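Listed below, chain by chain, are the residues.
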Amino acid sequence: MKYYDAIVIGGGLQGTSTAYFLAKKGLRVALLERDDIASGTASHTDGATLISDKQPGIDVLQGYHSVELYRKLVKEFSYDIEFESCGFMYVCETDQEMEAAADYAAKVSAQGFDMRVIDQKEMCERERYLAKDLKGGLWTESDGLVNPYKVCLGFVEEGRKYGLDVYTHHEVTGIRLNKKNQVEAVITDRETFLTDKVVNACGVWAPAIGNMVGLDIPIEPRKGILLVTEKSETIAHTEVLEFGYWLAKFFADFKRPVSELVERHNVCLNIETTHSGNTIVGGCRLFRGYDIKVEYEIMQAIAERAIRFFPILKDMNCIRSFGGIRPFCLDHLPIVSGVEEVPGFYIAAGHEGDGVALAPITGLLISQMITGEKTEFDATELAWSRFKNVDRKKLAAHGN
Ligand SMILES: Cc1cc2nc3c(=O)[nH]c(=O)nc-3n(C[C@H](O)[C@H](O)[C@H](O)COP(=O)(O)OP(=O)(O)OC[C@H]3O[C@@H](n4cnc5c(N)ncnc54)[C@H](O)[C@@H]3O)c2cc1C
């Protein structure tokens, strides 16, 4: 039987990043993926690396560290992950949103990150296809885009240079613990590997891996749908989101001036024009189990919302659409942590709509925890122990 210093389960964004950083630190590492690299949510997503869609505090802090890491990685990697620091804009439809946006910008700026309010004139100069009746918004230089699929492949290719072993089409079916409840081996449908450190980086499927060691991980799939337009001149020069997206994400009672269709499907605008010239338009946040089917009504709602902000889209063709499921953790923060009650078991999952942005920092933090180094910053708020001895329903009340 093969022995590894650490085994990472899940060849998505968190798993490939974790495997890369561990291998780079000189550990003998195996990455196990039941299908192909990036076959999970990593290939059903868009690629915004946003700091600014996070809550002030640890959320913004980890976003900031992650985007800084992306900047370093693109210099180190010979593999092109299409990282682009194109900036990011929130747009506001109402005066009430403008007030909330100004308050948010002040809190984020107080943490030392650049974000400022822009008026309607500057907003339309930056994005000439935006509807002219919008009130203004927020602007930050720091955010940008990557190609999520290529991020996973990049981590794998670069990790291989440090000796990373990758086993695709290996489904993990069990984890063996010794009498002290410590990790001893990882069992797949093809072979068993010996190790005393295992990382659960299985996104929406992380609860099934948790069950194998007796943990009840509070992650649920949260569906999103994206539309892709035909190629054209650049429609959105930066990543653009409606500020209502952020408000709707964190405040369940926040109401926008939208149609019943948009409201019912929890649709908010986000838009990016990719390197290839296609524009990706989203999105929605829905609890529908593991179903990623695209529903026609939701497509209509997304198109309606997108045209409200970018009227030019009305005359463009939608060439395809796809659905994906975000790993939603009940308190809106990922779990990036060791598990005290199962020594050797680590979790890197639950990143919901931020898993592309946060992949580098997640991988680095877990690698530092495993090697016993000081972590990049105090990550206590991301720890598994936050779910111990608490009423999970109360924790969930903070998010929607
Ligand atoms: C529509 C949509 C838009 C999004 N937009 C953005 C965005 O712009 N920016 C952003 O930061 N985030 C975005 N996200 C969120 C982001 O895509 C996710 O947070 C991220 O993909 C989660 O990464 P992960 O590594 O945790 O999971 P995944 O990428 O899903 O990886 C988990 C892997 O584990 C594997 N696996 C599962 N079970 C087993 C097993 N038993 N054995 C072996 N392998 C197993 C799976 O096959 C999968 O490959 C979006 C998501 C959606 C759905």
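This structure is a prediction, so every number in the text was calculated from the model and none was measured.

Section: the domain arrangement of the chain
Then comes step 1: For the chain, the assigned domains read domain 1 (2-45 + 149-218 + 331-396) and domain 2 (88-141 + 220-328).
Then comes step 2: Just the C-alpha atoms count here: the centres of domain 1 and domain 2 sit 30 Å apart.
Then comes step 3: Counting residues at the interface gives 12 residues for domain 1 and 10 residues for domain 2.

Describing the packing of helix H1 (residues 13-24) against helix H10 (residues 355-371)
Then comes step 1: Here H1 crosses H10 at 40°, and the two axes come no closer than 8 Å. When the axes of H1 and H10 are compared, the pair comes out oblique. Note on packing geometry: the crossing formed by H1 with H10 is right-handed. For the pair H1 and H10, the contacting residues are Leu13, Gln14, Ser17, Thr18, Tyr20, Phe21 and Leu22 in the first and Gly355, Val356, Ala359, Pro360, Thr362, Gly363, Leu364, Ile366, Ser367 and Ile370 in the second.
Then comes step 2: Looking at the contact of H1 with H10 residue by residue, the class counts come to 10 nonpolar, 7 polar and no charged.

Remarks on unusual backbone geometry
Excluding glycine, a negative phi dihedral is what most residues carry, and trans is how most peptide bonds are arranged.
Then comes step 1: Glycine 282 connects to glycine 283 through a cis peptide bond whose omega is -10°.
Then comes step 2: Residue placement: glycine 283 occurs in strand S17 (residues 279-284).
Then comes step 3: In this model, glutamate 82 sits at a positive phi of 55°, which is unusual for a non-glycine residue.
Then comes step 4: Of note, glutamate 82 is situated in the loop between helix H2 (58-76) and strand S5 (88-92).
Then comes step 5: One non-glycine residue, asparagine 181, lies in positive phi territory at about 70°.
Then comes step 6: Topologically, asparagine 181 is positioned in the loop between strand S10 (172-177) and strand S11 (183-188).

Observations regarding the site of the ligand
Then comes step 1: The environment of the ligand is made up of 42 residues, and the closest members are Gly12, Gly40, Gly203, Gly224 and Gly355.
Then comes step 2: Per-class residue counts for the shell around the ligand are 15 nonpolar, 19 polar and 8 charged.
Then comes step 3: Summarising the domain contributions, the shell around the ligand has at least three residues from each of domain 1 (2-45 + 149-218 + 331-396) and domain 2 (88-141 + 220-328).

A look at helix H7 (residues 243-250)
An α-helical turn contains 3.6 residues, so any two residues separated by three or four positions project in the same direction.
Then comes step 1: The buried fraction of H7 is high, at 7 of 8 residues.
Then comes step 2: For H7, the complete set of buried residues consists of Phe243, Gly244, Tyr245, Trp246, Leu247, Ala248 and Lys249.
Then comes step 3: Where H7 is buried, its residues meet S5, helix H3 (95-110), strand S7 (136-140), strand S15 (239-242) and strand S16 (267-273).

Concerning H1
Then comes step 1: Taking 1.5 Å of rise per residue, the 12 residues of H1 would be expected to cover 16 Å, and the 17 Å separating its terminal C-alpha atoms lies within 8% of that figure.
Then comes step 2: Among the 12 residues that make up H1, 11 are buried, leaving the element largely enclosed by the rest of the structure.
Then comes step 3: Among all positions in H1, only Leu13, Gln14, Gly15, Thr16, Ser17, Thr18, Ala19, Tyr20, Phe21, Leu22 and Ala23 are buried.
Then comes step 4: If you follow the buried residues of H1, they end up packed against strand S2 (6-9), strand S3 (29-32), helix H5 (148-160), strand S13 (198-200), strand S20 (345-349) and H10.

So, the sheet that holds S10
Then comes step 1: The strand order S1-S12-S11-S10 describes an open sheet built from 4 strands, whose pairing is mixed. What marks the edges here is a single partner per strand, and that holds for strand S1 (2-3) and S10.
Then comes step 2: Bridge analysis of S1 against strand S12 (residues 192-194) gives 2 bridges, and the strand direction is parallel. When the bridges of S12 are listed, lysine 2 appears paired with phenylalanine 193.

About the thresholds
Residues numbered from 1 in each chain as written. Predicted model: local features only at pLDDT ≥ 70, side-chain atom pairs only at ≥ 80, totals over all residues. Domains from an automatic or database assignment. Contact = placed C-beta atoms within 7 Å. Axes fitted to C-alpha atoms, helices over the stretch in contact; angles between N-to-C directions. Helix = DSSP H or I, 4+ residues; strand = E, 2+ residues; numbered from the N terminus. Parallel < 35°, antiparallel > 145°, perpendicular 65-115°, else oblique. Left-handed = near helix turned anticlockwise from the far one by under 90°. Nonpolar A, V, L, I, M, F, W, Y, C, P; charged D, E, K, R; others polar. Near = placed C-beta within 6 Å. Buried ≥ 20, exposed ≤ 12 C-beta atoms within 10 Å, placed from the backbone. Expected span 1.5 Å × (residues − 1). Pairing = 2+ DSSP bridges.

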